[in-house]
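What follows is the residue order along each chain.
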Amino acid sequence: MDAPLLQIKQVSKHFGGFTALSGVSLDIARGERFGLIGPNGSGKTTLINCISGSLRNDAGSIRFENSEISGLAAYQRTRRGIARSFQIPRPFHTMSVLENLLVPSAYVVHLREAEAEAKAMEILSSIGLAGKAGVLASQLSQVELRKLELARAMAARPRLLISDEAMAGLAGAEVDEVLEILFDLNAKGIAIIMIEHIMQAVMRFSQRVVCLDAGRIICEGTPTEIVGNPEVQKAYLGA
Amino acid sequence: MKYAIGAALVVIAAFAAALSGMNEYFFYAAYIVLTFVVLSTAWNILGGYAGYVNFGTGAFFGLGSYSAVVLFKALEAPLLVQILAGAGIGAALGFGVGIMTLRLRGIFFAIATVAILFIMETFMVNWRYVGGATGLQLLRPEVMAPFDSYTRMLFVVMALLAVIAVSIARYIQVGWIGRGLRAIRDSEEAAECSGVPTLKLKLFACVVSGALMGAAGAPMPMYLSFIEPASSFSLNWGVSALAMPMIGGTGHWIGPVIGALLLGSIQQIVTVTISNEINVLVVGVLLVLFVVLAPDGIVGLFRKWTRRSSR
């Protein structure tokens, strides 16, 4: 049987007396498009921080491609195949757009410079940033920064991409643009966890959605099931 | 290749100068300028590339000096051994400072490095074996052939150390380590998530930087024939080691070299022609001017200028 790409079992995380996650269990299949929703403070970012390694879970297990990763540092998880983008873009602002991508090329994929640059340009063209390759990251617009976040994550050649609110604060057409990029990446076989407040985008994108509230999963299902669920409506959708 | 030839030429020139009939005072002053080249280059590996501002250069420098004195007093160890010991102790302190970066960033890291400086000074003030607060007079050993004065020999030694330090800094800057350190400076979280082993790289930068600072401090007691804690652990070392790369430019290995040669020479001239106190003022004024008017230093000004003229 084909084991899930990512297996999260009974993961908990406390900050002092505050329980951010309690007993969260979740499987992500290879190549799946997965949506994670929930109100502010429900633990979405904590969960993906535990997956990507920015935080360590207090209890439970996180297995990626059948091996336990919850003890690994973030950089080791990136090398295993988990990449992420940040909610508030964190570009390497003193580097050019191209150089931003060369960091994961050097540290994850171990490519030689010429090869790495060719690969990076390929990613930039696919994402619509090729024209900005030589521009300093600090001079990019908001939507370009979001794209750079995704492009840099892609340069690490992940099998799981975590997109943390890549569309927050973007206008309608820009949302479609980013959504299109995520669909393209998924078509290449990359599983994607999308965290998003723009319901329309999550519903269009996801094959399966989980809703978190106060550190627990309150509902799991297809987008239509989620929207129809009374608990989700109460906790999140404001019905 | 070009760099290797240039570096070899610098060493040969230093050798030739030391064997020529040039005025002794030149070597006395140039030794200090070269010390600053090593210190600011070392500072820049951590402060410029990785963005961790170290005010405690004096701690590494002074510790290097005292390691040399202890070895000299106890075993009459030769200069080379003293320098290696200074580098080793500097590297060890660097490792400790590197561990601190796990928890401390930005201004908190900078404050902690100042604290280390004061701890070191207090420790040496209370250590009788190395002379305590009054210090220790040292008798230089016989100078080695082909040199006819100890100062000239030390000048060549420091020129060699400077070339080694700059070569290491350059090697780090142009390669994958430099790219990782720059990523850390821009965003440590994003660097880690881009596969950069941030702690390992920071430890590496701290150890290399510390070792070079310690090595630079080791020949100082022989240069002065004297050692005492207040000047060995002076905050001025740290301020200069920070100001010189800032003025020269922190992004490129040549920046700290330019800054140190320029500022170090000005300081020496001011010391002779005006007074020793004024030279600290010169550093301060220049630093403020550059931070406000040219935050990327002389290298940055030069780049701006070449970009404009190429248009």
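Just so we're clear, the structure is a prediction, and the values are computed from it rather than from any experiment.

> Would you mind showing me how to read the overall build of chain B here?
Helix and strand counts for chain B come out as 15 helices and two strands. The C-alpha radius of gyration computed for chain B amounts to 19 Å, which stays within 12% of the reference 19 Å derived for 311 residues, consistent with globular compactness. Projected onto its principal axes, the C-alpha coordinates of chain B cover approximately 55 × 45 × 40 Å. Scored against the burial criterion, the 311 residues of chain B give a buried share of 49%.

> Mind showing me how you'd approach the overall build of chain A here?
Across its full length, chain A holds nine helices and 10 strands. In summary, chain A has a C-alpha radius of gyration of 18 Å against a globular reference of 18 Å for 239 residues, a match within 12%. Dimensions along the principal axes, computed over C-alpha positions, put chain A at roughly 50 × 40 × 40 Å. Evaluated residue by residue, chain A yields a buried proportion of 49% over its 239 residues. Of all intrachain contacts in chain A linking residues separated by at least 6 positions in sequence, the fraction that spans at least 24 positions is 63%.

> Any chance you could explain the sheet that holds strand β5 (residues 67-68) of chain A here in plain terms?
Strand-to-strand pairing in sheets goes through backbone hydrogen bonds, with the strands running parallel or antiparallel. Residue and element names in this part refer to chain A. Spatial ordering of the open sheet is given by β2-β1-β4-β5, a layout of four strands whose pairing is antiparallel. Since the sheet does not close on itself, it has two edges, and those belong to β2 (18-28) and β5, each with one partner. As paired strands, strand β1 (residues 6-15) and strand β4 (residues 59-64) are joined by five bridges and run antiparallel to one another. The partner of isoleucine 8 across the bridge, within β4, is isoleucine 62. Against the sheet, helix α1 (residues 44-52) touches β1, β2 and β4, its axis set at about 60 degrees to β2.

> When you look at the packing of helix α3 (residues 57-75) of chain B against helix α5 (residues 106-125) of chain B in this model, what are you seeing that I'm missing?
Packed helix pairs are characterised by how far apart their axes lie and by the angle those axes make with each other. Residues and elements named next belong to chain B. Where α3 contacts α5, the axes come no closer than 8 Å and their chain directions differ by 25 degrees. Considering the angle they form, α3 stands roughly parallel to α5. Crossing of α3 over α5 shows left-handed handedness. Each of Gly58, Ala59, Gly62, Leu63 and Tyr66 in α3 lies in contact with α5, whose residues at this interface are Ile116, Leu117, Met120 and Met124. Partitioned by chemical class, the residues of the contact of α3 with α5 number seven nonpolar, two polar and no charged.

> What's the story with the nonpolar core in this structure? I'm lost.
If you look at soluble globular proteins, the nonpolar side chains tend to sit buried side by side. Core analysis: the biggest nonpolar cluster contains 169 residues, and A:Ala151, B:Val38, B:Leu39, B:Phe155, B:Ala162 and B:Ala205 have the highest contact counts within it. Among all residues touching B:Val38, those that are not within four sequence positions of it are B:Leu161, B:Ala162, B:Ala165, B:Leu212 and B:Ala216.

> Just to check I follow, could you spell out the interface of chain A and chain B for this structure?
Size of an interface, as often reported, equals the accessible area lost when the parts are brought together. In this complex, chain A contributes 21 residues to the contact, which on the side of chain B involves 17 residues. Within the residue set of the side of chain A that touches chain B, elements represented by two or more residues are α2 (74-80) and α3 (97-109) of chain A. If you tally residues by element for the side of chain A that touches chain B, the top one is α3(A), at six residues.

> In this structure, what is going on with the sheet that holds strand β3 (residues 33-37) of chain A? I would like to understand it.
Residues and elements named next belong to chain A. Strand order across the open sheet formed by six strands is β6-β7-β8-β3-β9-β10, with mixed pairing between neighbours. Two strands in the sheet have a free side with no partner beyond their single neighbour: β6 (82-85) and β10 (216-221). In this sheet, neighbouring strand axes are inclined to one another by 20 degrees on average, regardless of whether the strands run parallel or antiparallel. Note that β3 and strand β9 (residues 208-213) share four bridges and pair parallel.

> Honestly, the pairing of β10(A) in this entry has me stumped. Any pointers?
Regular strands place side chains that alternate from one sheet face to the opposite one. All names here are of chain A. Direction of pairing for β9 relative to β10: antiparallel, over a ladder of five bridges. Bridge assignment links aspartate 213 to a residue of β10, and that residue is arginine 216. Taking the residues that link successive antiparallel strands as the turn, the β9-β10 hairpin has two residues, and the phi of alanine 214 there is positive, at about 50 degrees.

> What is the right way to read helix α13 (residues 254-273) of chain B from this model?
Three- or four-residue spacings in an α-helix give side chains the same orientation, since the helix completes a turn every 3.6 residues. With 20 residues, α13(B) extends 28 Å between its outermost C-alpha atoms, agreeing within 8% with the 28 Å of an ideal straight helix rising 1.5 Å per residue. For α13(B), the complete set of buried residues consists of B:Gly255, B:Pro256, B:Val257, B:Ile258, B:Gly259, B:Ala260, B:Leu263, B:Gly264 and B:Gln267.

Reading the values: the criteria
- Residues numbered from 1 in each chain as written.
- Chains lettered and ligands numbered in written order.
- Predicted model: local features only at pLDDT ≥ 70, side-chain atom pairs only at ≥ 80, totals over all residues.
- Helix = DSSP H or I, 4+ residues; strand = E, 2+ residues; numbered from the N terminus.
- Rg over C-alpha atoms; globule rule 2.2 N^0.38 Å.
- Buried ≥ 20, exposed ≤ 12 C-beta atoms within 10 Å, placed from the backbone.
- Contact = placed C-beta atoms within 7 Å.
- Pairing = 2+ DSSP bridges.
- Axes fitted to C-alpha atoms, helices over the stretch in contact; angles between N-to-C directions.
- Parallel < 35°, antiparallel > 145°, perpendicular 65-115°, else oblique.
- Left-handed = near helix turned anticlockwise from the far one by under 90°.
- Nonpolar A, V, L, I, M, F, W, Y, C, P; charged D, E, K, R; others polar.
- Core = buried A, V, L, I, M, F, W, Y, C linked by C-beta atoms within 7 Å.
- Expected span 1.5 Å × (residues − 1).

Geometric descriptors of this kind do not, in isolation, establish any biological role.
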